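Below, each chain spelled out in residue letters.
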Amino acid sequence: MSTYLTKRLLYMLVILFAASLLIFCLYALTPGDFITGNIKLTAERKAELREIYGLNKPVLERYGLWMKDAFHGNFGYSLAQQKPVLQLFSDYIWNSFLLAAVSTFLTWVIAVIVGVISAYKQYSWFDTLVMVAIFAAMSLPSFFIGLFLIKILAVDLKWLPPGGMITTGSNATGLAYLKEVVRHMTLPVVVMVLLGLGSLTRYFRSNMIDVLQQDYIRTARAKGLKERKVLFTHALRNALLPAITLVGFELPALFGGSLIIEQIFNWPGIGQLYMKSFGLRDYPLLMGFTMFIAILTVIGTLLSDILYRVADPRVRL
Amino acid sequence: MAADSKLTKLQRPQAKLQKSSLFRQSLRKLMHNKLAVSGFGVVVFMFVLCFIGPFFSPYTDNKINMAMMNKAPNLTHWLGTDALGRDILTRVMQAGRISLTVGLASMVLSVLLGALLGAIAGYYRGLADQIIMRVADLLMTIPGLPLLFIFGALLSEWKIPTDYRMYIVMLMLSIVNWPGLARMVRGQMLSLREREFMQAAVVLGLRDRRKLFGHLLPNIVPLLIVMATLNIGGAILSESVLSFFGLGVMPPTPTWGNMIDAANNMIDFQDHPWLWIPPGLSIFATVIAINIFGDGLRDVLDPKQKR
Amino acid sequence: MKEIMKIDGLSTVFFTDEGKVRAVDDISFRVREGETVCIVGESGCGKSVTAMSIMGLVEEPGGKVSGGSIDFLGEDLLRLDKNSLRAIRGHEIAMIFQEPMSSLNPVIKIGEQIMEPLIVHQKMKKKAARQRAVELISQVGISRAEQIADSYPHELSGGMLQRIMIAIAISCSPKLLIADEPTTALDVTIQAQILDMLREFKESSGMSMMLITHDLGVVAEMADYVIVMYSGKIVEEGEVVQLFQNPKHPYTRGLLKSKPVMGQRQDELYSIPGQVPNPLELASSCYFHDRCEHCMPVCRTRHPGLKEVGGGQKAACWLYEEAEVHV
């Protein structure tokens, strides 16, 4: 186990190093920066600021500095917000996490239940309906369904607020605050669940169909067990097992925010922060964000691997 | 069930099945899947609508008509008109040409790239495998959307003429898409290499090229067809996201994505929904049809991969 | 001896893409108390499907029992509601399968898998069930029972897993044990041990056994009564000694001839020419006619019925019908 882990960790570091280089070069390549784009500044002031931020140095040197700081836990300083990138992340990340955690949880619960039932009743009208719904969910353009629901539910019917996390100017506290946040997050959560539901339900459905054809399910039935027990103890345990690997892959989505949904619903999360900074070409923040997601992705992959090995009694390290 | 597998074993030597070719056999199975056939029907309809439809429209010149600004759907303009008095239905069809072309072309590119690199990695292994798969890992580590955004921003900053942006968007989508495909093809190659018929090919002393093109690639063609089909839908979705955020194909070249951009304008969003709902529904209809058809194909061509 | 199960006119069909398949076609037989009935035949002849039909494990929409009755101790299993049938399954009728490696749930501990039927049918508490499970494990000849109860199936060998399957099957002292090719997937040395164990349990508990196999050696070893199936039909049945000494149906003769005999080296082993017919294209002929060396015109046009051919033996063959007609 330890040699395997060491190998994986080493490879992880190499990939992250390469990713950091690539990310840095990509952003460094992009012409124009926060200072050039700012029309309020004079030419001299611009040159001065470039000097201060070290933007006039060669690319490789800037990369070296960036990496050195990163190793010291400093992911740079947002030029637009005049705050350290890490602090900005910690300000916004929990909003993103709230949205992502609630919708991920709901998505999993619904996907497992619907997937199990439709696998059990394969080829029934319910199953056909589920299959069509799965395809529909997988084919939704995320921004369009977001806009569409805002238009109908928020603008036309006025049932729910169209965006944001709290009503503008509101200073509600306690339970009232909680209620307000829940009302505001309903629509984005619905959209995120819709978007995630398709592939996950399909995954559980096909896993479950595979498992239900196994010999040990026949054995369980031959023992005279109740169908519910066969389904939820014998079959579901086996069908859920491979899904453990997905937990790791959810990691970037859980903490990385959703660029499109947060932007459309004006949700003050890390994804929206990215979109805002992108317009301003606030590179330290953009690079920090991209690197952050890359790190989460790599850790998530490793986590999946370890979890699977822990969970499946057949796989030995 | 054991009984089922026994039954299929019995059916195999059937003379009737052996007569028809693998292709005709698959086609017959596909025709049985009503859902897949209707998906294919919708895809064909969308293509016909977008590529032939505009010939029947009196508004293809996109002349600016101040008298007909922002009209709601009516008898002369079935889906209404936009802020410049252009017919939305015609615009949707013209945009569809671009969106479908981008989807198709970027699919072809990513499948070619992915299949070729994956096959090389899986077949030759060693150094080639190391290099290709490490690059793929790297590209898969960096989140796709920010990557596409950076590319999009580069295009804008470099002042690429709008006519060419479409081609570069295709290229961008392929760069983001190939690693996944390459990984899958490589996996297939690795497992095929170990199979008996490949060992037979080695024993027979066939040349590398013959082994690769004569024996290995034909075996992954079904998988590739399925992946390619499903990939078109994904590419259409990605293009629409990029164009919606103003980083993909830019006006005046219309695409479904940049038509929905109208929703970014508060007044158009609230009061002129016919500007942005039809292109959105077109994307949805096209992609769902492609996905359903692709899944039907998968059932027929590659039943083991059903997932 | 008392009859415990009487099957009458049982038919089971499967629905495939190519059409309807009669996997079991109008078969009748009975199992008496303490008796071992062997069902013999090639793969796909319907012997496993017969077992699944008795257990009520033929699943729609893939297939269904289309006719007949299965009388088990006075109750027709085919007309029982789901719950009553479930109460019989694993309790009064238990089953052992061919593949011990895949027949146990890979993510559930062995002990728990043995405990399940005890808890469901004997209404045992968890603790008592656990204790009984450990006893059962040692009863099927596995040492370190406590430790085995806490292990997962992948940690055990195929032979041990089949013993565990037997432990599960006998846990509720069933009246009938159905064993579907219980030794086919095992090494020869293990096969004998498993068969011995089955016979011992049968004799000590007085249960009946329905043993499905394609191995005539196993039949000779275990059977009291033998049923030979071909393409979903019974072609011959009789007491084991008589059937082996005086097989009537050409198919049975072929089967017995193709078995190597110790001390008699032949240049070439006998094999029945041809193949099992496609179950989709069964006509109204004798299904065996194109492989039969005694094929007559009538064999191509009509299917023979199962007839008494003397000595309590029955065969479905025109050879004997003709004889009767001539007499």
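Residues numbered from 1 in each chain as written. Chains lettered and ligands numbered in written order. Predicted model: local features only at pLDDT ≥ 70, side-chain atom pairs only at ≥ 80, totals over all residues. Heavy atoms only, no water.

Novice: Sorry if this is basic, but what is going on with the pattern of salt bridges here?
Specialist: For side chains bearing opposite charge, pairing can occur when the charged atoms are close. Per the stated rule, a full pass over the model turns up 27 salt bridges over all chains. Notably, a salt bridge pairs aspartate 156 of chain A with lysine 151 of chain A, separated by 3.3 Å at the nearest N-O pair. A salt bridge links aspartate 76 of chain C to arginine 79 of chain C; the shortest N-O distance between them is 2.4 Å. Taking relative accessible area as the criterion, arginine 79 of chain C reaches 60% and is therefore assigned exposed. What emerges from the salt-bridge pattern is a single network uniting Arg202 of chain A together with Asp295 and Arg298 of chain B. (Salt bridge = Lys/Arg side-chain N within 4 Å of Asp/Glu carboxyl O. Buried < 20%, exposed > 50% of the residue type's maximum accessible area, 1.4 Å probe, protein only.)

Novice: What is the right way to look at helix α7 (residues 144–157) of chain B in this model?
Specialist: Residues that lie three or four places apart on an α-helix share one face, since the helix turns once every 3.6 residues. All names here are of chain B. A rise of 1.5 Å per residue sets the reference length of α7, with its 14 residues, at 20 Å; its end C-alpha atoms lie 20 Å apart and thus fit the reference within 8%. Across the 14 residues that make up α7, a large majority, 10, are buried. Burial in α7 covers these residues: Pro146, Leu147, Leu148, Phe149, Ile150, Phe151, Gly152, Ala153, Leu154 and Leu155. One or two positions beyond α7, positive phi appears at lysine 159, with a value near 55°. (Helix = DSSP H or I, 4+ residues; strand = E, 2+ residues; numbered from the N terminus. Expected span 1.5 Å × (residues − 1).)

Novice: Sorry, what's going on with the confidence of the model for chain C here?
Specialist: Any residue range with low pLDDT should be treated as having predicted coordinates unsuitable for detailed reading. Chain-level statistics for chain C give a pLDDT mean of 87 and a share of 96% at 70 or above. The complex prediction reports pTM at 0.82, with the ipTM value standing at 0.86. (pLDDT = per-residue confidence, 0-100.)

Novice: Mind showing me how you'd approach the UniProt feature "transmembrane region" (unreviewed entry) in chain B here?
Specialist: Within this numbering scheme, the UniProt entry marks residues 35–56, 98–123, 135–155, 167–185, 216–237 and 274–297 of chain B as carrying the feature "transmembrane region" (unreviewed entry). Helix makes up 100% of residues 216–237 of chain B and strand makes up 0%, while its end C-alpha atoms are separated by 32 Å. (UniProt positions renumbered as here; feature names shortened; annotations may be inferred.)

Novice: Please explain the nonpolar core as it appears in this structure.
Specialist: It is characteristic of soluble globular proteins that their nonpolar side chains tend to be buried jointly. Ranked by size, the top nonpolar core spans 154 residues in total, and within it Phe143, Leu147, Met208 and Tyr274 of chain A together with Phe149 and Trp276 of chain B carry the most contacts. Beyond its immediate chain neighbours, meaning those up to four positions away, phenylalanine 149 of chain B contacts Leu259, Tyr274, Met275 and Phe278 of chain A together with Leu242, Phe245 and Leu247 of chain B. (Core = buried A, V, L, I, M, F, W, Y, C linked by side-chain atoms within 4.5 Å. Contact = heavy atoms within 4.5 Å.)

Novice: For this particular structure, what's the right way to read the sheet that holds strand β9 (residues 225–230) of chain C?
Specialist: Each strand in a sheet pairs with another by means of backbone hydrogen bonds, the pair being arranged parallel or else antiparallel. All names here are of chain C. With mixed pairing, eight strands are arranged side by side in an open sheet as β6-β7-β8-β3-β9-β10-β12-β11. Among the strands making up the open sheet, the edge pair consists of β6 (93–96) and β11 (307–308). The sheet contact formed by strand β3 (residues 36–40) and β9 spans four bridges and is parallel. Opposite valine 37, over in β9, you have tyrosine 225 as the bridge partner. Packed onto the sheet, helix α7 (residues 158–170) meets β6 and β7 (176–180) and runs at close to 175° relative to β6. (Pairing = 2+ DSSP bridges. Axes fitted to C-alpha atoms, helices over the stretch in contact; angles between N-to-C directions.)

Novice: Looking at this structure, how should I read the domain arrangement of chain C?
Specialist: Put simply, an interface is often sized by how much accessible area is lost when its parts join up. Residues and elements named next belong to chain C. You can read the domains of chain C as domain 1 (3–92 + 172–325) and domain 2 (103–171). Computed over C-alpha atoms, the centres of domain 1 and domain 2 are 30 Å apart. Taken together, the contact between domain 1 and domain 2 spans 17 residues of the former and 14 residues of the latter. With both chains or domains summed, domain 1 and domain 2 bury close to 1300 Å², and 68% of this area falls on carbon and sulfur atoms. Counting every contact that joins domain 1 to domain 2 gives zero salt bridges. Here domain 1 and domain 2 share five residue pairs in polar contact (both at pLDDT 80 or more) between them. (Domains from an automatic or database assignment. Buried area = accessible area lost by both parts, 1.4 Å probe. Polar contact = N/O pair within 3.5 Å; in protein donor to acceptor, adjacent residues only side chain to side chain.)

Novice: Which parts of the structure should I look at to understand the interface of chain C and chain A?
Specialist: Contacts between chain C and chain A engage 26 residues on the former and 20 residues on the latter. A combined buried area of about 2200 Å² lies between chain C and chain A, and 58% of that area is made up of carbon and sulfur atoms. Summed over the three residues of chain C that lose the most area to chain A, namely Arg86, Val107 and Glu116 of chain C, the buried surface amounts to 25% of that side. Taken together, the connections running from chain C to chain A amount to two salt bridges. The residue glutamate 116 of chain C makes a salt bridge to lysine 223 of chain A at a minimum N-O spacing of 2.8 Å. If you look at where chain C meets chain A, you find 11 residue pairs in polar contact (both at pLDDT 80 or more). At the level of secondary structure, the elements contributing two or more residues to the side of chain C that touches chain A comprise α1 (47–55), α3 (100–103), α4 (110–121) and α7 of chain C. Per-element accounting of the side of chain C that touches chain A gives the leading share, six residues, to α4 of chain C.

Novice: Sorry if this is basic, but what is going on with the UniProt feature "domain: ABC transmembrane type-1" (unreviewed entry) in chain B here?
Specialist: In this structure's numbering, the residues bearing the UniProt feature "domain: ABC transmembrane type-1" (unreviewed entry) are residues 96–294 of chain B. Secondary structure content for residues 96–294 of chain B is 83% helix and 0% strand, and the end C-alpha separation is 20 Å.

Novice: I would appreciate a short explanation of the packing of aromatic side chains in the present structure.
Specialist: Within a pair of aromatic rings, the relevant descriptors are the distance that separates the centres and the angle that separates the planes. Counted by the stated rule, this structure contains 24 aromatic pairs over all chains. On the basis of an interplanar angle of 40° and a centroid distance of 4.6 Å, the ring pair of tyrosine 274 of chain A and phenylalanine 289 of chain A is categorised as tilted. Of this pair, tyrosine 274 of chain A sits in helix α12 (residues 270–280) while phenylalanine 289 of chain A sits in helix α13 (residues 283–311), and the two are 15 residues apart along the sequence. Each of the two residues, tyrosine 274 of chain A as well as phenylalanine 289 of chain A, counts as buried. Among the aromatic residues, ring-to-ring pairing joins Phe143, Tyr274, Phe278 and Phe289 of chain A together with Phe149, Phe244 and Phe245 of chain B into one connected group. It is arginine 97 of chain B that lies over the ring of phenylalanine 55 of chain B; its NZ or CZ is 5.5 Å from the centre. (Phe/Tyr/Trp six-rings, centres within 6.5 Å; stacked < 30°, edge-to-face > 60°. Lys NZ or Arg CZ within 6 Å of the ring centre and 35° of its normal.)

Novice: How do you make sense of the state of the cysteines when you look at a structure like this?
Specialist: Each disulfide consists of a covalent bond between the sulfur atoms of two cysteine residues. Throughout the structure, instances matching the rule amount to zero disulfides over all chains. Cysteine 295 of chain C provides the cysteine sulfur closest to cysteine 299 of chain C, a residue in no disulfide bond, and the two sulfurs are 4.8 Å apart. (Disulfide = S-S within 2.5 Å.)

Novice: Mind showing me how you'd approach the pairing of strand β2 (residues 19–32) of chain C here?
Specialist: Side chains on a regular strand alternate between the two faces of the sheet. Residues and elements named next belong to chain C. Examined bridge by bridge, strand β1 (residues 3–16) and β2 share 10 bridges and lie antiparallel to one another. Opposite phenylalanine 15, over in β2, you have lysine 20 as the bridge partner. Connecting β1 to the next strand, β2, in antiparallel fashion are two residues.

Novice: Looking at this structure, how should I read helix α4 (residues 85–120) of chain A?
Specialist: Compared with an ideal rise of 1.5 Å per residue, which puts 36 residues at 52 Å, α4 of chain A spans 49 Å between its outermost C-alpha atoms and is within 8% of the ideal. Largest kink in α4 of chain A: about 35°, centred on tyrosine 92 of chain A. (Bend = angle between axes of the 7 residues up to and from the residue.)

Novice: Where do I start with the interface of chain B and chain A in this structure?
Specialist: Residue-level contacts link 45 residues of chain B with 47 residues of chain A. Scanning the region where chain B abuts chain A turns up one salt bridge. Counting across the interface, chain B meets chain A through five residue pairs in polar contact (both at pLDDT 80 or more). Per-element tally for the side of chain B that touches chain A: the top contributor is helix α13 (residues 277–301) of chain B, with 11 residues. Residue composition of the side of chain B that touches chain A, by class: 33 nonpolar, five polar and seven charged. (Nonpolar A, V, L, I, M, F, W, Y, C, P; charged D, E, K, R; others polar.)

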